[in-house]
Amino acid sequence: MNANDLTGTWFLGEAYAVGPRGERLYDVYGARPSGVIHYGDDGRMMALITHDGREWLDGDRQAAPEAQRAQAYKSSIAYAGRFTLEAGWISHWVDVSTYPNWVGTALRRALSFEQGDAVLTTAPQMQDGVETVIKLVWRRQPVES
């Protein structure tokens, strides 16, 4: 695998949590999330994911009620930075993010290709007391809505 296999734009097909016995637990961003990730030939990447079923805000993004703005933030994530590949793994070195705690960190994911899709899988993490991994399936073509 090399960067040329990954270069270009991918669209989120699905994202789901997998339990300790390999069982699919739940859709992380809802049944029909939206997302795009781009890997440039300059070694930089950017990603944006939004949850299924997001509500419109009343007014512009600064004037909308605080609860609506909080929900809009809670239901999306975006970040950008460099990426590096290493023996079945990809690291996203975060320079900027809507989640400030990621800035200056590396998000390391297992990377595989399955039936033409790029599949990124997180390291095991605790989610509501259950050890899970998150599997994100990225496709070359936009997902029909």
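Below is a short write-up of the structure. (Residues numbered from 1 in each chain as written. Predicted model: local features only at pLDDT ≥ 70, side-chain atom pairs only at ≥ 80, totals over all residues. Heavy atoms only, no water.)

### Description of the overall build of the chain
And then number 1: Secondary structure summary: the chain contains two helices and 10 strands in total.
And then number 2: The N-to-C order of helical and strand elements in the chain reads α-β-β-β-β-α-β-β-β-β-β-β.
And then number 3: Each of the three principal axes of the chain carries a C-alpha extent, and together these read 45 × 40 × 35 Å.
And then number 4: Counting every position in the chain, which comprises 145 residues, the buried fraction comes to 34%.
And then number 5: Look at the contacts in the chain between residues 6 or more apart in sequence, and 46% of them connect residues 24 or more apart.
And then number 6: Roughly 8900 Å² of accessible area belongs to the chain as shown, and the carbon and sulfur atoms make up 51% of that amount. (Helix = DSSP H or I, 4+ residues; strand = E, 2+ residues; numbered from the N terminus. Buried < 20%, exposed > 50% of the residue type's maximum accessible area, 1.4 Å probe, protein only. Contact = heavy atoms within 4.5 Å. Areas by Shrake-Rupley, 256 points an atom, 1.4 Å probe, with all protein chains shown as cover.)

### Describing the side chain of Thr-122
And then number 1: Counting through the fold element by element, Thr-122 comes out in the loop between β8 (117-121) and β9 (125-127).
And then number 2: In terms of polar contacts, Thr-122 uses its side chain to reach the side chain of Gln-125, at 3.0 Å.
And then number 3: There is a polar contact of 2.9 Å between the side chain of Thr-122 and the backbone nitrogen of Ile-134.
And then number 4: Setting aside residues up to four positions removed in sequence, Thr-122 forms contacts with Arg-109, Val-133 and Ile-134. (Polar contact = N/O pair within 3.5 Å; in protein donor to acceptor, adjacent residues only side chain to side chain.)

### Quick word on a nonpolar patch on the surface
And then number 1: Together, Leu-25, Tyr-26 and Val-130 make up a nonpolar patch on the protein surface, roughly 220 Å² of accessible area in all.
And then number 2: Looking at the secondary structure, you find Tyr-26 in strand β2 (residues 24-27). (Patch = residues over 30% accessible without salt bridge, like charges linked within 9 Å, V, L, I, M, F, W, Y side chains within 5 Å. Salt bridge = Lys/Arg side-chain N within 4 Å of Asp/Glu carboxyl O.)

### Section: the pattern of salt bridges
Any two side chains of opposite charge can pair, given that their charged atoms come close.
And then number 1: Scanning all chains against the criterion turns up six salt bridges.
And then number 2: One salt bridge in this structure joins Glu-14 and Arg-24, with 3.1 Å as the shortest N-O distance. Taken together, the residues Glu-14 in strand β1 (residues 8-18) and Arg-24 in strand β2 connect sequence positions 10 residues apart.
And then number 3: By relative accessible area, which is 45% here, Arg-24 ends up partly exposed.
And then number 4: Here Asp-27 makes a salt bridge to Arg-24, at a shortest N to O gap of 2.7 Å.

### Comments concerning the packing of aromatic side chains
And then number 1: On inspection of all chains with the given rule, the structure shows four aromatic pairs.
And then number 2: Summarising the aromatic geometry, the rings of Tyr-39 and Phe-83 are spaced 4.9 Å apart at their centres and angled 75° between planes, so their arrangement reads as edge-to-face. Of the two residues, Tyr-39 sits in strand β3 (residues 34-39) while Phe-83 sits in strand β5 (residues 76-86), which places them 44 residues apart along the sequence.
And then number 3: Note on Tyr-39: relative accessible area 2%, which makes it buried.
And then number 4: Connected via pairs of aromatic rings, a cluster forms that spans Tyr-79, Tyr-99 and Trp-102.
And then number 5: The aromatic ring of Tyr-16 is capped on one face by Arg-24, whose charged end is 3.9 Å from the ring centroid.
And then number 6: Positioned above the aromatic ring of Trp-89 is the side chain of Arg-108, whose terminal nitrogen or guanidinium carbon lies 4.1 Å from the ring centre. (Phe/Tyr/Trp six-rings, centres within 6.5 Å; stacked < 30°, edge-to-face > 60°. Lys NZ or Arg CZ within 6 Å of the ring centre and 35° of its normal.)

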